[in-house]
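Tertiary structure, described
Residue strings, one per chain:
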Amino acid sequence: IYPAGSFSLTTWIKDEGGSTMITQPWSFASGFQVTISGDFRFWTLYDTNQYDYARSLVSPTVNSWQHIAMTYDVTNAPDASGTYTGTIKAYINGLLVATLEDAQYDSQTFADLAIGRRSSAVFKGLIDEFAVWPVVLTQQQINGLVAKEYTPLNLPVLSDVKADINQDGIVN
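All figures in this text were calculated on a predicted structure; none of them were measured in a lab.

1. Observations concerning helix 1 (residues 139–146)
What helix 1 keeps buried is the set Gln141, Ile142, Gly144 and Leu145. Mapping the buried residues of helix 1 onto a view down its axis gives an arc of 155°, with all of them on the same face. Structurally, helix 1 contributes buried residues whose contacts are with strand 1 (7–15), strand 6 (65–76) and strand 7 (83–92).

Here you go:
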């Protein structure tokens, strides 16, 4: 589920207040995560306990559906350890709210992706239409998801992008 190179993450959330975790790998060696700590933070992980994050100044709106998206656009090929360098962009309801250049990301992980929790850090609320794309979505595509012109099943992206085609909860 951790794409090699560039990727995007999109989801709808309804935070009931007091949430800290939207998604996170089960280890801190590599991968990506989205957290709430008074504001939204969009993280890329590499090496062990090394990370970069784009921090939005937008706080979650409690008890209201919000669309969040994160893109990671590779600017340099992976180094000898497999770590990429790229740009994180974060969107709330289709608006660009944070950018971080020169962020490092390592996709080489066997860690499970926890959605809504990790250990004692939990998301209190609802998460819907969670999707990870092995491409950088454009702002127009993200806005199409926000406007509900598209869903993760019919968003026009590369033809080889896999999604939960049969709606059984498994990306296939």
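That shown, we press on.
2. Remarks on the packing of aromatic side chains
Within this structure, the stated rule accounts for six aromatic pairs. Each ring, one from Phe40 and one from Phe42, has its centre 6.4 Å from the other, and the planes form 35°; the classification is tilted. Given the relative accessible area of 0%, Phe40 is considered buried. Under the relative-accessibility criterion, Phe42 is labelled buried at 0%. Through successive ring pairs, a cluster of aromatic residues spans Phe7, Tyr72, Tyr84 and Tyr105.

3. Quick word on the confidence of the model for the protein
Mean pLDDT over the protein works out to 80, with 81% of the residues at or above the 70 mark. Ranking the elements of the protein by mean pLDDT puts strand 2 (residues 21–25) last with 68 and helix 1 first with 94.

4. Some details on unusual backbone geometry
Unlike most non-glycine residues, Asn63 shows phi in positive territory, near 60°. Tracing the backbone through its elements, the reader meets Asn63 in the loop between strand 5 (50–55) and strand 6. Look at Lys148: it is not a glycine, yet its phi comes out positive at around 65°. The topology assignment puts Lys148 in the segment after helix 1.

Rules and cut-offs
- Residues numbered from 1 in each chain as written.
- Predicted model: local features only at pLDDT ≥ 70, side-chain atom pairs only at ≥ 80, totals over all residues.
- Heavy atoms only, no water.
- Buried < 20%, exposed > 50% of the residue type's maximum accessible area, 1.4 Å probe, protein only.
- Helix = DSSP H or I, 4+ residues; strand = E, 2+ residues; numbered from the N terminus.
- Arc of directions from axis to C-beta.
- Contact = heavy atoms within 4.5 Å.
- Phe/Tyr/Trp six-rings, centres within 6.5 Å; stacked < 30°, edge-to-face > 60°.
- pLDDT = per-residue confidence, 0-100.

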